[in-house]
Amino acid sequence: MNDQRSADRPSDPGEENRDAARDPSAEPVAHATRDPDPEETREWIQALDAVLEREGPERAHQLLEALIDHSRRAGLNLPFKATTAYVNTIPVNRQKPSPGDAELEWRLRGMVRWNAAAMVVHANKGELSQGGHIASFASAATLYDVGFNHFFRAPSKDHGGDLVFIQGHSSPGIYARAYLEGRLTEEQLEHFRREIGGKGLSSYPHPWLMPEFWQFPTVSMGLAPMMAIYQARFMGYLHDRGMLDNGDRKVWAFMGDGEMDEPESLGAISLAGRERLDNLIFVVNCNLQRLDGPVRGNGKIIQELEGVFRGAGWNVIKVIWGSYWDPLLARDTKGLLRKRMEEVVDGEYQAYKASLDGGFVREHFFGKYPELKAMVAHLSNDDIFRLNRGGHDPHKVYAAYWEAVHHQGQPTVVLAKTVKGYGMGLAGEGQNITHQQKKMGLEVLKQFRDRWHIPVKDEDIERVPFYRPPEDSPEMRYLKERRAALGGHLPVRRRNRETPALAIPGLDIWKTLLEPSGEREISTTMVFVRALMTLTRDKTLRPHLVPIVADEARTFGMEGMFRQLGIYSSVGQLYDPVDAGQLAPYIEAKNGQILEEGITEAGSLCSWMAAGTSHSNHGVRMIPFYIFYSMFGYQRVGDFVWAAGDMRTRGFLIGGTSGRTTLNGEGLQHQDGHGHLLFSVVPSCVAYDPCYAYELIVILQDGLRRMYAEDEQVFYYITVMNENYSHPAMPQGVEDGIRRGMYLLRQGTEGHRHRVQLLGSGTILREVEAAAVLLEEQFDVAADVWSVTSFTELRRDGLAVDRWNRLHPKQQPRTAYVTDLLRDRQGPVIAATDYMKTFGDQIRPWVEARYEVLGTDGYGRSDTRAALRRFFEVDRAHIALAALEGLAEAGSVERDSLASAIEKLGIDPEAPNPATS
């Protein structure tokens, strides 16, 4: 231990002490309370040791459980303790030895560390200041390296491949390894965080930007854990439905201990435990630091997380101490070292490593007890500082991963203790500022180079060159052999694994929904449910459908699907439902098709994302339909929606009971008047607000065609309402207008003095139609009525036209679609929707006439639909008044006549402003 090697270099100082780690003659571990009969305690411990030695840990566990159960039945109150001692879960004598070449792996780890740091330093040279992170990967390098060398399987013809969620801030290390493998060039590394020219690498894992490389977007902290849980669960869903043979595929998710404070990080771990997802492995890099300081300076984050995960039914493996601690722990027969390990808080552990001084550790850690100080008297200060943490010891990490992949019946979390900025030395190892470290001075670079034995000369070090050994070197041969043995490169996102395009039916399969409903009044929500039921009768598409609902199926009228499709349960249905004799009983089944997630919009969306990326992750095209209260849509899970776009998710999001005034009676927290605006910010989201059944059907069919026949990288957001009304037959030739976002629904009658253009969407379109009749019958104004199925798509079309014209000044200018539709039309243009005015205002630049927008700005409230529409000023009377005002502004009617119109329409001019009241 007197050389200058890093503490994660291969070594096993505890090898000769394996048997001593469990010495039956050893003294009992020290306890907080005084033992009244140490001899009796020793006999019990020796008896337990004998069982462990002769019959194994399973039998010992069985006996202990029986004793605890008997004690409780006898009335003894035994408090539950979810944590174990602050030592490694896997004892030395049970460690699975790594089959790899430890020396070559150490050298490769050093090269990856160097190239990762060099990449970030290059990105911040001179005036570039592109940012980047060194410290996160520095702490996790061994955790990834062991996985890449021995555990992470790539998709191949023989294996479906593992899904690996890589912590976003570790991306430089992943790029650095890919560079050694020959997947990335030096030029690409030079352009880290400079993507515009096509040569660069994205800052973090972004499948949208690097669609052949990254699998999952993870840098928005807290999202990866929940996404990973639902990906693992969806693999079980596909398996139980007979659509996928998972084999021994695993879902690995890497995250930081600070990240675990995000509610989403722990929000679904009980699901994983309940579902017994033994295909799921979390690796929490416990470097004890978050972005600004310690994670739990006054406590122990590893112990805290152990209790939380163990209580949720997970298998917990703690990797706290490295091999250099094994001889000391073997000599700790009285438990004093373990006691000291327990009482030191994380803030102190951070200080020990930040000091870079073994003498400081000797004095402050071992020095509290003379016996401990004597225990390390034979060690130099360098030896003491080199006492390594488990997350930097490849032997300990390999043993933990081996146990994790072979554990059955539970998900596993590996809690690995590391040092943030490990190996960075004076550049900030263990310091609070380490996360923001982006530059390294000359002396620090030399120290870093020497620590990892990188063959870069002093005269070259200032330019921080990347290093890759010759192709025929032992390191490069080993690197490629290991990945070849595991199926190929990772990470990788293979679009060419997609199955052939699905055969999408034409509109005729929904023939009855395209016809007039007559006196039968139904909501567009029910139209959607019937359209989905129709798809289930298509033998080709039915297996691919994934209906998802967050415990509101009866709200949306979907309970009829319970019997037909079944609700997925990994264990089937172990009880008789209370409604078993009714028409639509709650039926759970192991091969059930509906994902009924419970009251969790985040979990439901994660299931939707898992289904919507199945084509890439599993080679199976799935068509997810997730229906939810629109108000609890984007604003509740917007970060997940953005991530869904990033990873090219396909599928349908159905915003149910949508609109500020359509959902009567519920009130402020239920009435959605802004959901479409929120979804409009996602570039790959195609959004529609249809009013009539035929509009919805055309949109659904077009979405199926675009996503599943033509492979467009988009997803659909469609709002549906709970208001019942009759639906007309589809007018001839309107399909293209529905898809593009707008078409003429009603031509105003002739013979009137004036004319206006009325635009509407959703159920407010019906108020627009009523306003047209009102204008013609009472004010001698003809009104053309336009159904706008998507203001958002109209805006995108207009922006694209403007850009083309700006960049092609010598060519004939193009015109926006909405401009073409309205150009030869007379009169002002009035738009009314059940959403904020900004929604309809999106198309203002391309409307050449005077344009007035009505909308539902303000908080929602409870009342009837009629009262709500009058309050928010989107009813027929206000639409008619806005049209008359537009005519007055154009000089077509006298402005003084507006006062009499207000009175005639029954409008209170002193009513409160809905936007502010």
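A. The overall build of the protein chain, seen in detail. Per the secondary structure count, the protein chain includes 35 helices and 18 strands. Against the 2.2 N^0.38 benchmark of 29 Å for 917 residues, the protein chain shows a C-alpha radius of gyration of 33 Å, consistent with a compact globule. Each principal axis of the C-alpha atoms in the protein chain carries an extent, and together these give about 105 × 75 × 55 Å. Restricting to contacts in the protein chain with at least 6 residues of sequence separation, those with at least 24 account for 78%. Carbon and sulfur atoms provide 50% of the accessible area of the protein chain, an area that totals close to 37,100 Å².

B. Molecular detail of the sheet that holds strand β10 (residues 623–629). Strand order in this open sheet of six strands is β9-β6-β10-β11-β13-β12, and the pairing throughout is parallel. Taken across any chain shown, the strands that pair with only one partner, and hence form the sheet edges, are β9 (595–596) and β12 (685–688). Sheet analysis places strand β6 (residues 545–549) next to β9, joined by two bridges and oriented parallel. Residue pairing across strands places I548 opposite L595, the latter belonging to β9. With respect to the sheet, helix α27 (residues 693–709) is in contact with β10, β11 (652–656), β12 and β13 (715–719), its orientation differing from that of β13 by roughly 170°.

C. Looking closely at the pattern of salt bridges. As enumerated under the stated definition, the model contains 52 salt bridges in all. With a shortest N-O distance of 3.4 Å, D383 and R386 are connected by a salt bridge. Residue classification places D383 among the buried positions, given a relative accessible area of 6%. Taking relative accessible area as the criterion, R386 reaches 9% and is therefore assigned buried. The salt bridge involving E750 is made with R755; its shortest N-O contact spans 3.3 Å. Salt bridges linked by common partners bring E723, R766, E767, R865, R869 and R876 together as one network.

D. Expanded view of the packing of aromatic side chains. In this structure the tally under the stated criterion is 52 aromatic pairs. Ring centres of F148 and F152 lie 5.2 Å apart, and the angle between their planes is 80°; this geometry places the pair in the edge-to-face category. Across this residue pair, the class does not change: F148 and F152 are buried. Look at F213 and W214: their rings are 4.9 Å apart centre to centre, the planes differ by 80°, and that puts the pair in the edge-to-face class. The pair F213 / W214 is uniform in exposure class, with both members buried. Ring-pair connections join several aromatic residues into one group, and the members of that group are F137, Y144, F148, F151, F152, W252, F254, Y398 and Y401. Positioned above the aromatic ring of Y422, the side-chain terminus of R451 is 5.1 Å from the ring centre.

About the thresholds
- Residues numbered from 1 in each chain as written.
- Predicted model: local features only at pLDDT ≥ 70, side-chain atom pairs only at ≥ 80, totals over all residues.
- Heavy atoms only, no water.
- Helix = DSSP H or I, 4+ residues; strand = E, 2+ residues; numbered from the N terminus.
- Rg over C-alpha atoms; globule rule 2.2 N^0.38 Å.
- Contact = heavy atoms within 4.5 Å.
- Areas by Shrake-Rupley, 256 points an atom, 1.4 Å probe, with all protein chains shown as cover.
- Pairing = 2+ DSSP bridges.
- Axes fitted to C-alpha atoms, helices over the stretch in contact; angles between N-to-C directions.
- Salt bridge = Lys/Arg side-chain N within 4 Å of Asp/Glu carboxyl O.
- Buried < 20%, exposed > 50% of the residue type's maximum accessible area, 1.4 Å probe, protein only.
- Phe/Tyr/Trp six-rings, centres within 6.5 Å; stacked < 30°, edge-to-face > 60°.
- Lys NZ or Arg CZ within 6 Å of the ring centre and 35° of its normal.

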